[in-house]
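Summary of the model geometry
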Amino acid sequence: MNFYGQRKEHAIAIALEHLADEYREKAEESPNIDSLAVELSDSGEPINKYYHVILPYERIAEHESKVSAQ
């Protein structure tokens, strides 16, 4: 998928919002799971889980060509 914005930060923000919406829908489709709930240990303490997310970023530069084709 391609996302565009007025600046690269805007395009990245739009892509992240789309990704978050997509994964929120997947979480809400899971049976008996509250997507906003925090998982607790037997002692009642919140369980910290960390996820590593890699977002590839490709810069598309539009420059005037310096090559003349005839």
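Shown above is the structure to which this text applies.
Below, the structure is looked at part by part. Per-chain numbering applies: the sequence of each chain, read as written, is numbered from 1 onward. Confidence filtering applies because this is a predicted model: local features only for residues at pLDDT of at least 70, side-chain atom pairs given and counted only at 80 or more, and all residues used for totals across whole chains, interfaces and linings. Water and hydrogen atoms play no part in the side-chain values, which are based on all heavy atoms of the structure.

Comments concerning the overall build of the chain
Defined as follows: Each helix is a run of H or I in the DSSP string that is no shorter than four residues. Each strand is a run of E no shorter than two, and both are numbered from the N terminus. To measure how exposed things are, a 1.4 Å probe is used in the Shrake-Rupley method; for residues, cover is taken only from the protein chains shown.
Within the chain one finds one helix and zero strands. When the accessible surface of the chain is totalled, it reaches about 7400 Å², and 52% of it is carbon and sulfur.

Some words on the pattern of salt bridges
Just so we agree on the cut-off: We count a salt bridge whenever a side-chain nitrogen from Lys or Arg sits within 4 Å of a carboxyl oxygen from Asp or Glu. Each residue is assigned to one of three classes by its accessible area relative to the maximum for its type, calculated with a 1.4 Å probe on protein chains only: buried under 20%, partly exposed between the two thresholds, exposed over 50%.
In this structure the tally under the stated criterion is two salt bridges. As a salt-bridge pair, Glu9 and Arg7 come within 3.5 Å of each other at their nearest N and O atoms. On the basis of relative accessibility, which here comes to 59%, the residue Arg7 falls in the exposed class.

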